[in-house]
Amino acid sequence: MATYTLISSNVLSSSAASVTFSSITATFTDLVLRCSTRTDAAATQSAIKIFFNNSSPDTSATFMEGDGASVTSGFPSAPVLVFRASAATGTSNTFGNAEIYIPSYTNTTAVKPFSSFGVQENNTTTAYIDVVAGLNNTTSAISRIDIDGNGNNFVTGSSFYLYGISNA
Amino acid sequence: MPHKVIVDCSTGITTEVELTAEEIADQVAAQKAAEADRKAAEVVAKDRAVAKAALLDKLGITAEEAALLLF
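Residues numbered from 1 in each chain as written. Chains lettered and ligands numbered in written order. Predicted model: local features only at pLDDT ≥ 70, side-chain atom pairs only at ≥ 80, totals over all residues. Heavy atoms only, no water.

### Focus: the confidence of the model for chain B
Residue and element names in this part refer to chain B.
Working step 1: For chain B, the average pLDDT comes to 89, and 100% of its residues sit at 70 or higher.
Working step 2: Mean pLDDT across the elements of chain B bottoms out in helix H1 (residues 21-59) (88) and peaks in strand S1 (residues 3-8) (96).
Working step 3: For this predicted complex, the interface score ipTM comes out at 0.90, alongside a pTM of 0.88. (pLDDT = per-residue confidence, 0-100. Helix = DSSP H or I, 4+ residues; strand = E, 2+ residues; numbered from the N terminus.)

Set out below in structure tokens:
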């Protein structure tokens, strides 16, 4: 049976451009990152990007996205869009949320896949849902994860939880 | 001054670090690029909606009726 163990977390007490989990222990099988985010972008939503081991060019992904009216898919350039946060002109006090799953993050013989499922909350007809299949294209064990506001700042109350999974 | 948060998972210690001038420049550039992407996506979505409405009008069917043809 899989066991979730909280490795580290952070709930922002002031705005921040990015949040980094560094020196991630290699004692688990998989990692799960859960984020609840809102940014100061002058829009209803903004794209959040993630990269590993402080190297954004090594991450690639395909995504499928729905906005309540249409569905799109694509292959964004690195660092890749992974999910969308609620933002400044969206419904007040709402946060987008996302879960990123990173299996076999300590494997040093193969590249690392990851998946993400995220939704942006906005109490209007347009709100985004994103499903991402990603790849960290190196054989280095993942010991660092950067969650980047892509030019915008995460606002106070945004939260980030990193879990380790044993015996997944 | 904008800053970034670093959580050291080995110690549990969280530090707030001010962005360097280079990082601030990168942040401004990323913000501009993201805004350009967002506006481009809005144009594409608007054009698509207009084209869809025109096609439905040409076919003389509703969006619900068109959806029936897809499944």
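### Some points on the interface of chain A and chain B
Working step 1: Taken together, the contact between chain A and chain B spans 26 residues of the former and 18 residues of the latter.
Working step 2: In this assembly, chain A packs against chain B so that about 1600 Å² is buried in total across both faces, 48% of it on carbon and sulfur atoms.
Working step 3: If you sort the residues of chain A by the area they bury against chain B, Thr 20, Ser 22 and Gly 151 of chain A come out on top, with a joint share of 23%.
Working step 4: Counting every contact that joins chain A to chain B gives 0 salt bridges.
Working step 5: Linking chain A with chain B are 9 residue pairs in polar contact (both at pLDDT 80 or more).
Working step 6: Every element with two or more residues in the side of chain A that touches chain B is listed here: strand S1 (3-11) and strand S2 (18-22) of chain A.
Working step 7: Looking at the side of chain A that touches chain B element by element, the count peaks at 5 residues for S2 of chain A.
Working step 8: Class assignment of the residues belonging to the side of chain A that touches chain B gives a composition of 10 nonpolar, 16 polar and no charged.
Working step 9: Pairing analysis gives 4 bridges linking S2 of chain A to S1 of chain B, with the strands arranged parallel. (Contact = heavy atoms within 4.5 Å. Buried area = accessible area lost by both parts, 1.4 Å probe. Salt bridge = Lys/Arg side-chain N within 4 Å of Asp/Glu carboxyl O. Polar contact = N/O pair within 3.5 Å; in protein donor to acceptor, adjacent residues only side chain to side chain. Nonpolar A, V, L, I, M, F, W, Y, C, P; charged D, E, K, R; others polar. Pairing = 2+ DSSP bridges.)

### So, the packing of aromatic side chains
Residues and elements named next belong to chain A.
Working step 1: Going through the model one piece at a time under the given rule, you end up with 3 aromatic pairs over all chains.
Working step 2: Considering the side-chain rings of Phe 52 and Phe 114, the 5.3 Å spacing of their centres and the 65° angle between planes classify their relative orientation as edge-to-face. Taken together, the residues Phe 52 in strand S4 (residues 45-52) and Phe 114 in strand S9 (residues 112-119) connect sequence positions 62 residues apart.
Working step 3: By relative accessible area, which is 1% here, Phe 52 ends up buried.
Working step 4: Look at Phe 154 and Phe 160: their rings are 5.2 Å apart centre to centre, the planes differ by 75°, and that puts the pair in the edge-to-face class. The exposure classification of Phe 154 matches that of Phe 160, with both residues buried.
Working step 5: Above the ring of Tyr 163, the side-chain terminus of Arg 34 is found at 5.8 Å from the ring centroid.
Working step 6: Directly above the ring of Tyr 128 sits Arg 84, whose terminal nitrogen or CZ lies 4.8 Å from the centroid. (Phe/Tyr/Trp six-rings, centres within 6.5 Å; stacked < 30°, edge-to-face > 60°. Buried < 20%, exposed > 50% of the residue type's maximum accessible area, 1.4 Å probe, protein only. Lys NZ or Arg CZ within 6 Å of the ring centre and 35° of its normal.)

### What to know about the sheet that holds S1 of chain B
Working step 1: Strand order in the open sheet made by the 6 strands is S7(A)-S4(A)-S11(A)-S2(A)-S1(B)-S2(B), with mixed pairing throughout. In this open sheet, the two strands that pair with only one neighbour each are strand S7 (81-86) of chain A together with strand S2 (13-18) of chain B. Pairs of neighbouring strands in the sheet enclose a mean axial angle of 20°, with direction left out of account.
Working step 2: With 4 bridges joining them, S2 of chain A and strand S11 (residues 145-148) of chain A adopt antiparallel strand pairing. Opposite Ser 18 of chain A, over in S11 of chain A, you have Asp 148 of chain A as the bridge partner. (Axes fitted to C-alpha atoms, helices over the stretch in contact; angles between N-to-C directions.)

### Brief notes about unusual backbone geometry
Residues and elements named next belong to chain A.
Working step 1: Not every positive phi belongs to a glycine, and Asn 54 is a case in point at roughly 60°.
Working step 2: Within the secondary structure, Asn 54 sits in the loop between S4 and strand S5 (59-66).
Working step 3: Unusually for a residue other than glycine, Asn 93 sits at a positive phi of about 60°.
Working step 4: Within the fold, Asn 93 resides in the loop between S7 and strand S8 (96-103).

### Focus: the pattern of salt bridges
All names here are of chain A.
Working step 1: Per the counting criterion, the structure on display carries 6 salt bridges over all chains.
Working step 2: In this structure, Arg 34 and Glu 99 form a salt bridge, with 2.6 Å as the shortest nitrogen-oxygen distance. With Arg 34 in strand S3 (residues 30-37) and Glu 99 in strand S8, the pair connects residues that are 65 residues apart, well separated along the chain.
Working step 3: When its relative accessible area of 29% is taken as the criterion, Glu 99 is described as partly exposed.
Working step 4: The residue Asp 146 makes a salt bridge to Arg 144 at a minimum N-O spacing of 2.8 Å.
Working step 5: A cluster of three or more residues bridged by salt bridges with shared partners is formed by Glu 65, Arg 84 and Asp 130.

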